[in-house]
Amino acid sequence: MRRYGGVAVLVVLASLLTRPAARAALHHPDEPMAVPVNAQGVPEPLPFSEFARRRLVLMNAGNPDWPLERPNPNDPQKMVRSDRGVLKDRIDRRLKVPQRTQEENVALAVDLLRFRKADDADGTLAGRQRQGYLGNVTLAHIAAAQPSPSDPKVLDWARAYNLLTIANEETPPKSLPGLTPQQLAWQLKLNNGVLLKLFRLRMEEARSRPTPENELPDAIFPVNFAQVADGALVPAERAKLPPDALATVQQLVLWFPHDTRLYWLLAEVYAARGEFAAAERIMNECVSSLAYSNRKVLMAHREAVVKAAKEKGPTNPEELLPAAGDAPATDPPPEVPFTLGAVWVYFGVVGLVALFALVRKLTKKPPTNNRPRVG
């Protein structure tokens, strides 16, 4: 019984640790997932709880193990569509449209990409004569989710870079549904700047294949994140971060919510701002559930951040609490391979095995001794 119980536990843990990653696309008219930008054109970072909620929605929608329905938090006897179910319904509706416009095809491609159907998303757009700005941007994100033809172990960053370069040469749209003019202008700036730089850096690294242990956060800012004191960047390095660094990396993570390295970069930016509770939470997730415990710089900096978080406490503790209804307890855990939910699954399996063994022991009849007495 112990042998089979151990196998069951290993199977559960293996399924949690080996889920593949997926990526989100640039823009969707129904769910833009855009960081706010004020009337002056200055991006404003999302509160941590709202950022975490949006990222969780994207992760849920792209999780193939996520159910399409879940119990209604207000009435557990009734079922409602989950994040993944809502996405699937939207895909099904768009697939029934007989002659879709280019904008409708882009929206469908984005949804398919979020649903982990990168090849189907590619087929929705690829081969059309005139993609335009939005079509090529979306294809660039799709390429960043597909394996490279020359090396299936890495993603197709070269195609992503080329497609984004083509998009940036196109005439951009004057407006997009769900985005304010200020948000659109800022995102166009990102596409010409940090996003293009990110694709170029990843393309170059895919050719050189650096050792993961010595990996650093993506160098989209001219900052050495190894230069740390008391949990934060040293002042000389911190001064190199642009004012919109946090909003920029939040937007990148919402575009690529399963990219651990970008998520790590977000933690570094939070730490540089002295927001150690948020930095610690992200770093802990990177280390414990996203298989980044072999990054030497991350492990060293995480230790300093944990110490700083204990000494100084969270900047705003309320922001680290999930907002009401963000992640209903009736839903399965999000697509992170090993989280607190996974720990409970582990102990739940162990508990069931122990309970079964106890019941079997109590109900088992004692052996009968029929040997004759001597003397």
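The shown structure was predicted, so the numbers you read here are calculated from the model rather than taken from an experiment. (Residues numbered from 1 in each chain as written. Predicted model: local features only at pLDDT ≥ 70, side-chain atom pairs only at ≥ 80, totals over all residues. Heavy atoms only, no water.)

A. Up close: helix H13 (residues 276-288). The end-to-end C-alpha separation of H13 is 18 Å, in line with the 18 Å expected for 13 residues at 1.5 Å each. Of all the positions in H13, only Phe276, Ala277, Ala278, Ala279, Ile282, Met283, Glu285, Cys286 and Val287 are classed as buried. Packing partners of the buried residues in H13 comprise helix H2 (48-61), strand S4 (232-233), helix H12 (260-272) and helix H14 (296-312). (Helix = DSSP H or I, 4+ residues; strand = E, 2+ residues; numbered from the N terminus. Expected span 1.5 Å × (residues − 1). Buried < 20%, exposed > 50% of the residue type's maximum accessible area, 1.4 Å probe, protein only. Contact = heavy atoms within 4.5 Å.)

B. Representation of the environment of Ser49 within the structure. By secondary structure assignment, the location of Ser49 is in helix H2. With 229 residues separating them along the chain, Ser49 and Ala278 place their C-alpha atoms 9.7 Å apart.

C. Structural view of the pattern of salt bridges. One pass over the structure, following the stated rule, counts 22 salt bridges. A salt bridge links Lys88 to Asp92, with the shortest nitrogen-to-oxygen separation between them at 2.9 Å. Residue Lys88 and its partner Asp92 are both found in helix H3 (residues 83-95); the two are separated by four residues, about one turn of the helix. Where salt bridges share partners, they join Arg202, Glu205, Glu215, Asp218, Asp259, Arg261 and Arg295 into one cluster. (Salt bridge = Lys/Arg side-chain N within 4 Å of Asp/Glu carboxyl O.)

D. View of the packing of aromatic side chains. Applying the stated rule across the entire model yields five aromatic pairs. Aromatic side chains Phe199 and Phe256 sit 6.1 Å apart centroid to centroid with 75 degrees between the ring planes, which places their arrangement in the edge-to-face category. Taken as a pair, Phe199 in helix H9 (residues 194-208) and Phe256 in the loop between helix H11 (245-255) and H12 lie far apart in primary sequence, 57 residues in all. Ring plane angle 80 degrees and centroid distance 6.1 Å describe the contact between Trp264 and Tyr292, whose orientation is recorded as edge-to-face. Here Trp264 is found in helix H12, whereas its partner Tyr292 is found in the loop between H13 and H14, with 28 residues between them in sequence. Grouping aromatic residues by their ring pairs yields a cluster made of Phe48, Phe51 and Tyr270. When the ring centre of Tyr263 is taken as reference, the NZ or CZ atom of Arg55 above it lies at 3.8 Å. Across the ring face of Phe115, the terminal group of Arg84 is positioned such that the distance to the ring centre comes to 3.8 Å. (Phe/Tyr/Trp six-rings, centres within 6.5 Å; stacked < 30°, edge-to-face > 60°. Lys NZ or Arg CZ within 6 Å of the ring centre and 35° of its normal.)

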